[in-house]
Amino acid sequence: NAGVTQTPKFQVLKTGQSMTLQCAQDMNHNSMYWYRQDPGMGLRLIYYSASEGTTDKGEVPNGYNVSRLNKREFSLRLESAAPSQTSVYFCASSEFQPQHFGDGTRLSIL
Amino acid sequence: GQQVMQIPQYQHVQEGEDFTTYCNSSTTLSNIQWYKQRPGGHPVFLIQLVKSGEVKKQKRLTFQFGEAKKNSSLHITATQTTDVGTYFCAGPWNAGGTSYGKLTFGQGTILTVHP
């Protein structure tokens, strides 16, 4: 039972490069979320998707885009990576509550 | 906007000592959730409290929801090394519109247990 799967687990980028973080869930949940976690800041919501075909901004959306490809998959794209985007990124899914998290992607921007 | 504050940010205890983390919201919450994140891991749901003044227990963990539904606490009795991690509280998003299950997380309390 995989739950929420994120790829890749680790990534190092140079400033200005682009990349897409992938997330897939197998729990048939409608809602999916992308968070970033920085020391002392808790989990901050970047974007969320209430259902297939809909996305909306969270608390810290600048510099990111998302795609809800289908009910299972929700991707996060960094078009032009900046050092301030160095963080741990978590994807989560839920059918209201609670949220189920993936293992995270540790992203470093040099 | 809505804020969920947690204190303390760090807590170091000797194994066997008790531990408490406190969570305060700037707005009234319909419910509050607690999550635990082990070092290097991902947040895992522990419990949800819904009723004013509610108290729930999970073995050595006691969770309380305040009468005004704006604060909550997690108390661990006789900590063990397996309790190490970051404990987060989270309340439903309250920044306008429908929450659709969105949460606002506190900053977390990092618990270290010395054997």
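Higher on the page you've got the structure.
Residues numbered from 1 in each chain as written. Chains lettered and ligands numbered in written order. Predicted model: local features only at pLDDT ≥ 70, side-chain atom pairs only at ≥ 80, totals over all residues. Heavy atoms only, no water.

**A look at the sheet that holds strand β7 (residues 64-68) of chain A**
Residue and element names in this part refer to chain A. With respect to topology, four strands assemble into an open sheet ordered β1-β3-β8-β7, the strand pairing being antiparallel. Each end of this open sheet is capped by a strand with a single partner; those strands are β1 (4-7) and β7. Put simply, the sheet's adjacent strands are angled 15 degrees from each other on average, direction ignored. Sheet analysis places β1 next to strand β3 (residues 19-25), joined by four bridges and oriented antiparallel. Looking at the pairing, Thr-5 lines up with Ala-24 of β3. (Pairing = 2+ DSSP bridges. Helix = DSSP H or I, 4+ residues; strand = E, 2+ residues; numbered from the N terminus. Axes fitted to C-alpha atoms, helices over the stretch in contact; angles between N-to-C directions.)

**Focus: the interface of chain A and chain B**
Across the contact, 22 residues belong to chain A and 20 residues belong to chain B. Regarding the contact of chain A and chain B, the summed buried area is about 1,700 Å², with carbon and sulfur atoms giving 60% of it. It is A:Leu43, A:Gln97 and A:Phe101 in chain A that bury the most area against chain B; as a group they hold 28% of the surface buried on that side. Put simply, chain A and chain B have six residue pairs in polar contact (both at pLDDT 80 or more) between them. Where the side of chain A that touches chain B is concerned, the elements lending two or more residues are β4 (31-38) and β5 (42-49) of chain A. Among the residues forming the side of chain A that touches chain B, the class breakdown is eleven nonpolar, eight polar and three charged. (Contact = heavy atoms within 4.5 Å. Buried area = accessible area lost by both parts, 1.4 Å probe. Polar contact = N/O pair within 3.5 Å; in protein donor to acceptor, adjacent residues only side chain to side chain. Nonpolar A, V, L, I, M, F, W, Y, C, P; charged D, E, K, R; others polar.)

**With respect to the state of the cysteines**
Residue and element names in this part refer to chain B. Going through the model one piece at a time under the given rule, you end up with two disulfides over all chains. Here Cys-23 engages in a disulfide with Cys-89; their sulfurs sit 2.0 Å apart. Because the sign of the S-S torsion sets the handedness, a value of about 80 degrees for the bond joining Cys-23 and Cys-89 places this disulfide among the right-handed ones. Of the two residues, Cys-23 is situated in strand β3 (residues 19-25) and Cys-89 in strand β9 (residues 85-92); the sequence distance between them amounts to 66 residues. One exposure class covers both Cys-23 and Cys-89, and it is buried. (Disulfide = S-S within 2.5 Å. Buried < 20%, exposed > 50% of the residue type's maximum accessible area, 1.4 Å probe, protein only.)

**What to know about the side chain of A:Gln6**
Residue and element names in this part refer to chain A. Checked against the element boundaries, Gln-6 lands in strand β1. Taking the relative accessible area as the measure of exposure, Gln-6 reaches 4% and is therefore buried. Only 2.9 Å separates the side chain of Gln-6 from the backbone nitrogen of Cys-91, close enough to count as a polar contact. The contacts of Gln-6, once residues within four sequence positions are left out, are Gln-22, Trp-34, Tyr-89, Phe-90, Cys-91, Gly-102, Asp-103, Gly-104 and Thr-105.

**Structural notes on the pairing of β9(B)**
Residues and elements named next belong to chain B. Counting buried residues along β9, eight of its eight residues qualify, which places the element largely inside the surrounding structure. Note: strand β4 (residues 32-37) against β9, five bridges, orientation antiparallel. By the bridge assignment for β9, Lys-36 is matched with Tyr-87. Sheet topology places β9 next to strand β11 (residues 109-114); three bridges connect them, and they run antiparallel. The partner of Gly-85 across the bridge, within β11, is Leu-111. Of the strand pairs in this sheet, β9 and strand β10 (residues 103-105) are connected by three bridges, and their pairing is antiparallel.

**Section: the pattern of salt bridges**
Enumeration over the complete set of coordinates arrives at six salt bridges over all chains. With a closest N to O distance of 3.1 Å, A:Arg77 and A:Glu79 form a salt bridge. Here A:Arg77 falls in the partly exposed class, since its relative accessible area comes to 28%. Judged by its relative accessible area of 43%, A:Glu79 is partly exposed. Here B:Asp83 and B:Arg60 are joined by a salt bridge, their closest N and O atoms 2.9 Å apart. In this pair, B:Asp83 sits in the loop between β8 (71-76) and β9 while B:Arg60 sits in the loop between β6 (55-58) and β7 (61-65), placing the two residues 23 residues apart along the sequence. What makes B:Arg60 partly exposed here is its relative accessible area of 22%. (Salt bridge = Lys/Arg side-chain N within 4 Å of Asp/Glu carboxyl O.)

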